[in-house]
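Listed here are the chains, written in short residue letters.
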Amino acid sequence: MIRELVIHSESWPLNRPFRISRGEKTAVETVMTVIREVNTNSVGRGEAVPYARYGESLPSVMSQLESMRPLVEGGLSRESLLKSLPAGAARNAIDCALWDLEAQVSGMDVANVLGEFPVEPMTTAVTIGLDAPAAMAAAARAIALAPLIKIKVDARDAAAQIQAVREVCPQSELIVDPNESWDLDILRAMQPVLVEQRIAVLEQPLPAGSDSLLDGFVTSVPICADESCHTAADLPQLIGRYQFINIKLDKTGGLTTALDLLHQARSRGFGIMVGCMICTSLSIAPALHVARHARFADLDGPLWLARDRAGGITLTNQRLQPPQRGFWGELHENSALVQQVASES
């Protein structure tokens, strides 16, 4: 088995600024990993989104990936990868590229390997970025028919931000995400608001590392761990504190460990959300194999891009449509996609 590893960075402008409590983005930097099996000319692709919150940068992820070149080109397996890189964006890119490559070489779709049917359209949250309440209401009007909406809030005026969206979207399920910006006093004070505004789930209100503050706290709505939950090893410290977890492949370090986290979390009684960074559809395609088992999918990352990869996900009739056949994890039967893969490798 002879392989070639190609690593290159990409910049994707957004179609509008994306704001959360930690800052604003106008573009996203990703890293593409392409693994080619020379004997068969089969190609697998994966994507990493470096995230500064987790100590990652474009150079650090590129360096991690480059350090793996001898092992990957020597035939590294997904199982051995888990012992060679820590959980994070770099491992995610290699793991997903290996899944894709295996599908091309074996002729078996990832869904088949997992004992599943092909992924079907699903409901995804669409996100209202942090802004003044009036601006958030205006953004909500454009997606007023969306069945599931995520609202980014901060510690300044969360009640007004939530109310502004709820007034415009009276029928939508709402997720509220403070991105670690609240303290326990704010969390307590917001309980009546969360109930009044019929919030389905509250995502990571307190800073990761402050989970013990939730001991004995009786919440009015389910609380979801995001920054506090990366892999299955984090689950024991979340029991009794959180009711949901948010699985993101860039946190778990790939589809392999995302599936492990899914199974272990469900066995412990956690509800499941599957999320993403701002990314292209190459990050979303593998995540769909986890999201199909989730109560909430939050996979609108590519919808923030000015352009996405050809053949990627779309939002049609308020439903997330999977990528075109052969985009990832399936045989590259679509000639246009084959040409695209070849150019990217």
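In this report, we go over the structure that sits alongside the text. (Residues numbered from 1 in each chain as written. Predicted model: local features only at pLDDT ≥ 70, side-chain atom pairs only at ≥ 80, totals over all residues. Heavy atoms only, no water.)

## Examining the sheet that holds strand β11 (residues 296-297)
To be explicit about the condition: Here, a strand pair is defined by DSSP locating no fewer than two bridges between the strands. Working definition: helices are DSSP H or I runs of at least four residues, strands are E runs of at least two. Numbering for both runs from the N terminus. Working rule for contacts: check all heavy atoms of both residues, and any pair within 4.5 Å makes them a contact. Between the N-to-C directions of two axes lies an angle of 0 to 180 degrees, each axis being a line fitted to C-alpha atoms and, for a helix, fitted only over the stretch in contact.
Taken in spatial order, the eight strands line up as β4-β5-β6-β7-β8-β9-β10-β11 in an open sheet, and their pairing is parallel. Looking at the sheet topology across the chains shown, the edges are occupied by β4 (126-128) and β11. As paired elements, strand β7 (residues 199-203) and strand β8 (residues 223-225) share two bridges and run parallel to each other. Following the sheet pairing, Leu202 is matched in β8 by Ile223. Relative to strand β5 (residues 148-152), helix α7 (residues 158-168) is tilted by about 155 degrees, and along the sheet it contacts β4, β5, β6 (173-177) and β7.

## Focus: the packing of helix α4 (residues 89-106) against helix α10 (residues 255-267)
Selection criterion: Throughout, the term roughly parallel applies to angles under 35 degrees, roughly antiparallel to angles over 145, roughly perpendicular to angles from 65 to 115, and oblique to all others. Note that Gly is not counted as nonpolar here; it falls among the polar residues with everything else outside the nonpolar set of Ala, Val, Leu, Ile, Met, Phe, Trp, Tyr, Cys and Pro and the charged set of Asp, Glu, Lys and Arg.
At their nearest, the axes of α4 and α10 sit 8 Å apart, and the two run at 95 degrees to each other. Our classification of the angle between α4 and α10 gives roughly perpendicular. Residues Arg91, Asn92, Asp95, Cys96 and Trp99 of α4 lie in contact with α10, whose contacting residues are Leu255, Thr256, Thr257 and Leu259. The residue inventory of the contact of α4 with α10, partitioned by class, reads four nonpolar, three polar and two charged.

## Here we look at the pattern of salt bridges
Spelled out, the test is: Salt bridges are identified by distance alone: a Lys or Arg side-chain nitrogen within 4 Å of an Asp or Glu carboxyl oxygen. A simple rule labels every residue: compare its accessible area, found with a 1.4 Å probe on the protein chains alone, to the largest value its type can have, and call it buried under 20%, exposed over 50%, or partly exposed in between.
Going through the model one piece at a time under the given rule, you end up with 23 salt bridges. For Glu102, the salt bridge is made with Arg78, and the minimal N-O distance between the two is 3.1 Å. Taken together, the residues Glu102 in helix α4 and Arg78 in helix α3 (residues 78-84) connect sequence positions 24 residues apart. Owing to a relative accessible area of 34%, Glu102 belongs among the partly exposed residues under this scheme. When salt bridges with common partners are traced through the structure, they connect Lys150, Lys152, Asp177, Glu203 and Asp298 into a single cluster.

## Comments concerning the environment of Asp300
Keep this limit in mind: The definition of a polar contact used here is a pair of N or O atoms within 3.5 Å, where within protein one atom must be able to donate a hydrogen and the other to accept one, and adjacent residues in sequence count solely through side-chain atom pairs.
With respect to the helices and strands, Asp300 occurs in the loop between β11 and β12 (314-316). In this structure, the C-alpha to C-alpha distance between Asp300 and Ile278, residues 22 residues apart in sequence, is 7.8 Å. Excluding its chain neighbours within four sequence positions, the residues that come into contact with Asp300 are Thr124, Ala125, Val126, Thr127 and Cys276. At 2.9 Å, the side chain of Asp300 and the backbone nitrogen of Thr127 are in polar contact. Polar side-chain contacts of Asp300 include one of 3.4 Å to the side chain of Trp304.

## Brief notes about the packing of aromatic side chains
Ring pairs (aromatic) are described by centroid distance and by the angle formed between their planes. Cut-off, in case you're wondering: Note on ring pairs: Phe, Tyr and Trp rings are taken, using the six-membered ring of Trp, and paired if centres are within 6.5 Å. Classes follow the plane angle, with under 30 degrees stacked, over 60 edge-to-face and the rest tilted. Geometrically, a charge over a ring is one whose NZ (Lys) or CZ (Arg) sits within 6 Å of the ring centre while staying within 35 degrees of the ring normal.
Under the criterion given, the structure shown has three aromatic pairs. Consider the rings of Phe244 and Phe296, whose centres lie 5.6 Å apart with planes at 45 degrees: the pair is tilted. Remark: Phe296 occurs in strand β11 and Phe244 occurs in strand β9 (residues 244-247); sequence separation between them is 52 residues. Here Phe244 matches Phe296 in class, with each residue buried. The ring centre of Trp304 lies 3.7 Å from the NZ or CZ of Arg16, which sits over that ring. The positively charged end of Arg45 is found above the aromatic ring belonging to Phe327, 5.0 Å away from the centroid.

## Some words on the nonpolar core
Test applied: In plain words, nonpolar cores are sets of buried Ala, Val, Leu, Ile, Met, Phe, Trp, Tyr and Cys residues tied together by side-chain atoms within 4.5 Å.
Counting residues in each nonpolar core, the largest one holds 83 residues, and the members touching the most others are Ile245 and Leu299. A per-element tally of this core places helix α11 (residues 281-291) first, with seven residues. In contact with Ile245, other than residues within four places in its own chain, are Cys224, Ala225, Cys229, Leu235, Leu238, Leu261, Ala265, Phe270, Gly271, Ile272 and Met273. One finds Met68, Val72, Ala93 and Leu98 within the second-largest nonpolar core, a separate group that totals 19 residues.

## A few points about the sheet that holds strand β2 (residues 23-37)
With antiparallel pairing, three strands are arranged side by side in an open sheet as β1-β2-β3. With one partner strand each, in any of the chains shown, β1 (3-20) and β3 (42-48) form the two edges of the open sheet. Going from strand to strand, the sheet's axes swing by 20 degrees on average, the running direction of each strand aside. Where β1 meets β2, 14 bridges bridge the pair, whose relative direction is antiparallel.

## Overview of the pairing of β2
Here β1 folds back onto β2, and the loop between the two strands holds two residues. The pairing of β2 with β3 spans seven bridges and is antiparallel. Bridging from a neighbouring strand, Thr33 pairs with Gly46 of β3. Hairpin connection from β2 to β3: four residues lie between these consecutive antiparallel strands, with Asn41 at a positive phi of about 60 degrees.

## Observations concerning unusual backbone geometry
In this structure, Glu180 is a non-glycine residue whose phi angle is positive, near 70 degrees. Among the structural elements, Glu180 can be located in the loop between β6 and α8 (184-196). The class for Glu180 is buried, based on a relative accessible area of 10%. One non-glycine residue, Asn317, lies in positive phi territory at about 55 degrees. With respect to the element layout, Asn317 can be found in the loop between β12 and β13 (319-321).

## With respect to the packing of α7 against α8
One can describe the packing of α7 onto α8 by two numbers: an axis separation of 10 Å at closest approach and a directional angle of 5 degrees. The angle between α7 and α8 places the two elements in the roughly parallel class. Judged by residue contacts, Ala158, Ala159, Ile162 and Gln163 of α7 engage Met190, Val193 and Leu194 from α8. Considering only residue class, the contact of α7 with α8 consists of six nonpolar, one polar and no charged.

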